[in-house]
Amino acid sequence: MKIDFRHYIKEVRRKVTKDACQYFRVMAWVITIVITHFTVLKYFLYSLCPSVLITGYPCPACGMTRAGILLLTGRFAEAAHMQPFIYVLGAFAVGLCIYRYLFLKDSLEWAKWCLIIIIICMIVFYVYRMIRYFPTTAPMTYYEYNLLYRLRVLYGKIVF
């Protein structure tokens, strides 16, 4: 039994090491881009969300960053109120890690379908929140001075 367990641990270590090496460069770029994105948008613009900055309207994932911060600071109920799908995506990530590294499975076909279902549910929930809470309750608020508004004002000044 010890030999099987040792073999299992070696296999898990091999898979984690292989994945870490394979995705390290990609993840380094992604992390750099995300940090730059958050830094630039937080200090120079109104919002971190490109949808809000361009159109003024919240997106289906609106509140996800704030919910993540609330979750990390231990304010679980507030995180659920801000964006309940933070828990769904967290459970998905944990399930994905368990499937890949504890069960040692490589097929991720089920993960694609889970993500499709999660995205559809997020869109349905977004429509519900837009009907119920827009534009008075955060995060479902309208940002008036968005890029499209500013372009429309600029166009009006140029044409007229």
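Below: a short report on this structure. These figures come from a predicted structure and were not determined experimentally.

### A look at the overall build of the protein
Then step 1. When helices and strands are counted, the protein shows seven helices and two strands.
Then step 2. Written out in order from the N terminus, the α and β elements of the protein read α-α-α-α-α-α-β-β-α.
Then step 3. At 21 Å, the protein has a C-alpha radius of gyration far larger than the 15 Å of a compact globule built from 160 residues.
Then step 4. Here the C-alpha coordinates of the protein stretch approximately 80 × 35 × 30 Å along the principal axes.

### What to know about the nonpolar core
The tendency in soluble globular proteins is for nonpolar side chains to be buried side by side.
Then step 1. Judged by nonpolar contacts, Met64, Ala67, Leu70, Ala79, Met82, Phe85, Ile86, Phe92, Ala111, Ile118 and Met122 together constitute the single largest core of eleven residues.
Then step 2. Taken together, the elements giving at least two residues each to this core come down to helix H3 (64–72), helix H4 (76–82), helix H5 (85–102) and helix H6 (109–133).
Then step 3. With residues near it in sequence (within four places) discarded, phenylalanine 92 still touches Trp110, Ala111, Cys114, Leu115 and Ile118.
Then step 4. Counting five residues, the second largest nonpolar core, distinct from the first, contains Cys49, Val52, Cys59 and Tyr143.

### Digging into the pattern of salt bridges
Then step 1. Enumeration over the complete set of coordinates arrives at six salt bridges.
Then step 2. Aspartate 19 is the salt-bridge partner of arginine 100, the closest N and O atoms lying 2.8 Å from each other. Within this pair, whereas arginine 100 is found in helix H5, its partner aspartate 19 is found in helix H1 (residues 2–44), the two being separated by 81 residues in sequence. Taken as a pair, arginine 100 and aspartate 19 share a single burial class, namely buried.
Then step 3. Glutamate 78 is the partner of arginine 75 in a salt bridge, and the nearest nitrogen-oxygen pair spans 3.3 Å.
Then step 4. Where salt bridges share partners, they join Lys15, Asp19, Arg100 and Asp106 into one cluster.

Conventions adopted
- Residue positions are counted from 1 within each chain, in the order its sequence is given.
- Owing to the predicted nature of the model, reporting of local features is limited to residues with pLDDT of at least 70; listing and counting of side-chain atom pairs is limited to 80 or more, with chain, interface and lining totals taken over all residues.
- Hydrogens are left out, water is left out, and the side-chain values use all remaining heavy atoms of the structure.
- Comment: elements are numbered from the N terminus, with helices defined as DSSP H or I runs of at least four residues and strands as E runs of at least two.
- Computation of the radius of gyration draws on C-alpha atoms, with the globule rule given as 2.2 Å multiplied by the number of residues to the power 0.38.
- Take the buried Ala, Val, Leu, Ile, Met, Phe, Trp, Tyr and Cys residues and link them wherever side-chain atoms come within 4.5 Å; each set so joined is a nonpolar core.
- Burial classes follow relative accessibility: with a 1.4 Å probe on protein chains only, a residue under 20% of its type's maximum area counts as buried, one over 50% as exposed, and anything between as partly exposed.
- Residues are treated as being in contact if the distance between any of their heavy atoms lies within 4.5 Å.
- Salt bridges are identified by distance alone: a Lys or Arg side-chain nitrogen within 4 Å of an Asp or Glu carboxyl oxygen.

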